[in-house]
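# Secondary and tertiary structure notes
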Amino acid sequence: NAGVTQTPKFRILKIGQSMTLQCTQDMNHNYMYWYRQDPGMGLKLIYYSVGAGITDKGEVPNGYNVSRSTTEDFPLRLELAAPSQTSVYFCASSYGQKQETQYFGPGTRLLVL
Amino acid sequence: AQSVTQLGSHVSVSEGALVLLRCNYSSSVPPYLFWYVQYPNQGLQLLLKYTTGATLVKGINGFEAEFKKSETSFHLTKPSAHMSDAAEYFCAVRLRSGGGADGLTFGKGTHLIIQP
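All of these numbers come straight from a predicted model, not from anything done at the bench. (Residues numbered from 1 in each chain as written. Chains lettered and ligands numbered in written order. Predicted model: local features only at pLDDT ≥ 70, side-chain atom pairs only at ≥ 80, totals over all residues. Heavy atoms only, no water.)

### Topic: the interface of chain B and chain A
Often, the extent of an interface is quoted as the loss of accessible area on bringing the components together. Listed per partner, the contact involves 26 residues of chain B and 23 residues of chain A. Contact between chain B and chain A buries roughly 1,800 Å² in total, counting both sides, with carbon and sulfur atoms accounting for 55%. Our count for the contact surface shared by chain B and chain A stands at 0 salt bridges. On inspection of chain B and its partner chain A, the count reaches 5 residue pairs in polar contact (both at pLDDT 80 or more). Only β5 (32-38), β6 (44-50) and β10 (87-94) of chain B provide two or more residues apiece to the side of chain B that touches chain A. Per element, the largest residue contribution to the side of chain B that touches chain A is 4 residues, and it comes from β5 of chain B. (Contact = heavy atoms within 4.5 Å. Buried area = accessible area lost by both parts, 1.4 Å probe. Salt bridge = Lys/Arg side-chain N within 4 Å of Asp/Glu carboxyl O. Polar contact = N/O pair within 3.5 Å; in protein donor to acceptor, adjacent residues only side chain to side chain. Helix = DSSP H or I, 4+ residues; strand = E, 2+ residues; numbered from the N terminus.)

What follows is the structure, given as structure tokens:
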């Protein structure tokens, strides 16, 4: 049981490039989330999903897209990378109800130059 | 909108001393309350949470927190600090009502430093 896995661990992008951050969970959780963490700040929600085929925006969705074709996977897409997207990105999952624990992946560190 | 305030971006204590990390929330209805810990270059791990029932909640690694509705607080404590407790600690909340999953609202975090 690997929990929540994320790839890559670290990536450098040039301005305007695109990339996909991968997230997979093996706990059969319906709910999945993407957060970003900036230095000295807490995590902010980018997008979330309540099940395959269903996604919704969080607090900071601009510049990102998501899809959820399976229960296990929830990739995050950056279409035109900007320096403001330099951050650490965390994927998380939970069974669903609001009081349930969210389980976090190890994070992807992204640097946009 | 809900918000979470963690007093002190850095807290330094001596090994063996009491750890107290403060968290206050702002919402008219008490939310679900969580404390997460983040070790360097790792993801977040749940320490404890309050959902309902007893207001004193015990978590992993000897930590506990008390929900105080009158003070809108959920402070984290540990009687005796250990060097391995050095990490970043995040308080987070989630509204009880409203549709949709949304997500957690996090405080800015408190960096706990343990002095030998």
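Having seen it, we continue.
### Structural notes on the nonpolar core
The biggest cluster of nonpolar side chains holds 27 residues, and the ones touching the most others in it are Trp35, Leu48, Leu76 and Tyr89 of chain B. In terms of residue count, the dominant contributor to this core is β10 of chain B (4 residues). If sequence neighbours within four positions are ignored, leucine 48 of chain B has contacts with Leu33, Phe34, Trp35, Val57, Lys58, Gly59, Phe63, Glu64, Ala65, Phe74 and Leu76 of chain B. Counting 20 residues, the second-largest nonpolar core is a separate cluster that includes Cys23, Met32, Leu78 and Tyr89 of chain A. (Core = buried A, V, L, I, M, F, W, Y, C linked by side-chain atoms within 4.5 Å. Buried < 20%, exposed > 50% of the residue type's maximum accessible area, 1.4 Å probe, protein only.)

### Re the packing of aromatic side chains
Applying the stated criterion to the full structure yields 12 aromatic pairs over all chains. Pairing phenylalanine 104 of chain A with phenylalanine 106 of chain B gives two aromatic rings, centres 6.3 Å apart and planes at 75°, and the pair type is edge-to-face. Here phenylalanine 104 of chain A, found in strand β10 (residues 103-104), pairs with phenylalanine 106 of chain B, found in strand β11 (residues 105-106), and the two come from separate chains. The class of phenylalanine 104 of chain A is buried, set by a relative accessible area of 11%. What links up through ring pairs into an aromatic cluster is the set Tyr33, Tyr35 and Phe104 of chain A together with Phe34, Tyr36, Phe90 and Phe106 of chain B. It is arginine 68 of chain A that lies over the ring of phenylalanine 74 of chain A; its NZ or CZ is 5.9 Å from the centre. (Phe/Tyr/Trp six-rings, centres within 6.5 Å; stacked < 30°, edge-to-face > 60°. Lys NZ or Arg CZ within 6 Å of the ring centre and 35° of its normal.)

### As for the state of the cysteines
All told, the structure shown has 2 disulfides over all chains when counted by the stated rule. Here cysteine 23 of chain A connects covalently by a disulfide to cysteine 91 of chain A, the sulfurs 1.8 Å from one another. Its torsion about the S-S bond being -70°, the disulfide of cysteine 23 of chain A and cysteine 91 of chain A is classed as left-handed. In this pair, cysteine 23 of chain A sits in strand β3 (residues 19-25) while cysteine 91 of chain A sits in strand β9 (residues 87-94), placing the two residues 68 residues apart along the sequence. The same class applies to cysteine 23 of chain A and to cysteine 91 of chain A, which are both buried. In this model cysteine 23 of chain B forms its disulfide with cysteine 91 of chain B; the gap between the sulfur atoms is 1.9 Å. The sign of the -65° torsion about the S-S bond sets the cysteine 23 of chain B-cysteine 91 of chain B disulfide as left-handed. Of this pair, cysteine 23 of chain B sits in the loop between β3 (19-21) and β4 (24-26) while cysteine 91 of chain B sits in strand β10, placing them 68 residues apart in sequence. With a relative accessible area of 0%, cysteine 91 of chain B lands in the buried category. (Disulfide = S-S within 2.5 Å.)

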